[in-house]
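Results of the structural survey
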Amino acid sequence: MDELSRFPIESQKMEMVGRLASSIIHDLNNLLTVIQLNASLIEGGLLEAEETVTVAGKIGSACERASDLTRNVLNLARRGTEEMRDVEIRGLVAAMARLLESLVAKKVAFDLQFTNEELWVRGVAGAFEQVLMNLILNAVDAMPRGGHITISCGVRAVADRELLNDFEAGEYVAITVTDTGCGIAPELRDRIFEPFFTTRQASGGTGMGLYTVDRVVRSHRGRIDLVSEVDRGTAFTVLFPRIRPAAPVPPATAGLEPQTNGSKHTVLLVEDDAGVRTLTRDILERNGFLVMDAETGRDAIALWNADPARIDVVVADLVLAGDLTGTDVAHQLRSDKPGIAVIYMSGFVTADDDQFPLDGATFLSKPFAPSALVRAVRDSLKPSPQRGG
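Structural notes, computed from the coordinates. Predicted, not measured: the structure shown is a model, and the values here were computed from it.

1. Side note on the overall build of the protein chain
When helices and strands are tallied, the protein chain shows 9 helices and 12 strands. Considering the protein chain as a whole, with its 389 residues, one finds that 43% of them fall into the buried category. Only carbon and sulfur atoms are counted for the fraction: they give 54% of the accessible area of the protein chain, which is about 20,500 Å².

See the structure below:
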């Protein structure tokens, strides 16, 4: 996508996040209420042993839902320039639909209709998300008294007789967002993709939503089809060229390591949040690892300099208090010991954030399960050519 095409996407991010902010806060507060009330039952000793296990499961489920919500919002508002890549569109559409379904009015029902085939397209994932966000929120706005939204993903073969402008014949991934709302008047259909044209002045619409959709679709060699009937509803279909990525090379099989102890292995833990640091250390120690912990990057480097031969794995938060990031720490340690295993953690940065290149390190997205942490550390200790094993 060219820079001009990226502009409307970037200019809309704050508008979109602002538009969703109150709903996001509402949903997170509901999840926090579930967590707090169930934690109070456990803390108060009011439950039998079997009930405690059930309640703990409810806390875990609420945490997973909150994690999914915040991860999707971060993906929407992520910074930096994304690279073109192969995207399996069904998963992306499903994730965006789940996010919006949890945030919009409960009187709007969602229905997902996906083909069983894999649907791969080439492009910028964040741009595809922006297209879906705009189409779905426009559908919601068209149904102030409630209604039904159907989102479908499938394959459409475009024949020569359907060609428009530079559009090419071939196989396309078709994403359709259909609502049961007010429809679009015929005299407005030629204007809805114009920048700053909006019928929602009273609700703060900027008129950049469908303009953004149009620019993204065009820059990905696609097209938009529109069917609408006043007082009956509207269906927007976006078409993107379908690709068939090369089959991935299966990884070499390796025997599972015993799930016993991690003794004789020392972890250098770098985490500026005291609560996360204490719990992470406790989990690792309970699984047999020796742990040296540090609050800042400079504290971590001081521990390293005191006894570098002792440390086998570095587990570092990417964003730390002070002037050193987790990657700064890892780079300094790797200059002394190139084979040192590194695991990064973050609740803000995503694994593909260009500001924090992982350089082959393992990435753990917060929040993570104890088993995921222990598995990551154990896996990092397995022999590999990069570490001279």
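2. Let's talk about the pattern of salt bridges
Tallied over the full model, the rule gives 18 salt bridges. In this structure, Arg242 and Glu171 form a salt bridge, with 3.2 Å as the shortest nitrogen-oxygen distance. Of this pair, Arg242 sits in strand S7 (residues 233-243) while Glu171 sits in strand S5 (residues 170-179), placing them 71 residues apart in sequence. In this structure, Glu171 and Arg244 form a salt bridge, with 2.8 Å as the shortest nitrogen-oxygen distance. Of this pair, Glu171 sits in strand S5 while Arg244 is found in the loop between S7 and strand S8 (266-270), placing the two residues 73 residues apart along the sequence. A relative accessible area of 60% places Arg244 in the exposed class. When salt bridges that share partners are traced, they join Glu117, Glu171, Arg242 and Arg244 into one network.

3. Concerning the sheet that holds strand S10 (residues 313-317)
Taking strand neighbours across the sheet as the criterion, the 5 strands line up as S9-S8-S10-S11-S12 in an open arrangement whose pairing is parallel. Looking at which strands have only one partner, the edges of the open sheet turn out to be strand S9 (290-294) and strand S12 (362-365). The mean inter-strand angle of the sheet, taken between neighbouring strand axes irrespective of direction, is 20°. Relative to S10, S8 is paired through 4 bridges, and the arrangement is parallel. Looking at the pairing, Val267 lines up with Val313 of S10.

4. Looking at the environment of Ile175
Mapped onto the secondary structure, Ile175 falls in strand S5. Considered as a pair, Ile175 and Arg156 are 19 residues apart in the sequence and their alpha carbons are 9.8 Å apart. Leaving out residues up to four positions away in the same chain, Ile175 has contacts with Ile89, Val93, Leu132, Ser152, Cys153, Phe236, Thr237, Val238 and Phe240.

5. Thoughts on the packing of aromatic side chains
If you walk through the whole model with that rule in mind, you get 2 aromatic pairs. Measuring from centroid to centroid gives 4.9 Å for Phe128 and Phe240, while their planes differ by 65°, and the two rings are edge-to-face. You can see Phe128 sitting in helix H4 (residues 125-141) and its partner Phe240 sitting in strand S7, a full 112 residues away along the chain. Across this residue pair, the class does not change: Phe128 and Phe240 are buried. For the ring pair Phe193 and Phe236, a centre distance of 6.4 Å and an interplane angle of 85° mean the geometry is edge-to-face. With a gap of 43 residues between them, Phe193 in the loop between S5 and helix H5 (209-219) and Phe236 in strand S7 connect regions that are remote in the sequence.

Definitions and limits used
Residues numbered from 1 in each chain as written. Predicted model: local features only at pLDDT ≥ 70, side-chain atom pairs only at ≥ 80, totals over all residues. Heavy atoms only, no water. Helix = DSSP H or I, 4+ residues; strand = E, 2+ residues; numbered from the N terminus. Buried < 20%, exposed > 50% of the residue type's maximum accessible area, 1.4 Å probe, protein only. Areas by Shrake-Rupley, 256 points an atom, 1.4 Å probe, with all protein chains shown as cover. Salt bridge = Lys/Arg side-chain N within 4 Å of Asp/Glu carboxyl O. Pairing = 2+ DSSP bridges. Axes fitted to C-alpha atoms, helices over the stretch in contact; angles between N-to-C directions. Contact = heavy atoms within 4.5 Å. Phe/Tyr/Trp six-rings, centres within 6.5 Å; stacked < 30°, edge-to-face > 60°.

Shape descriptors only; they carry no functional weight alone.
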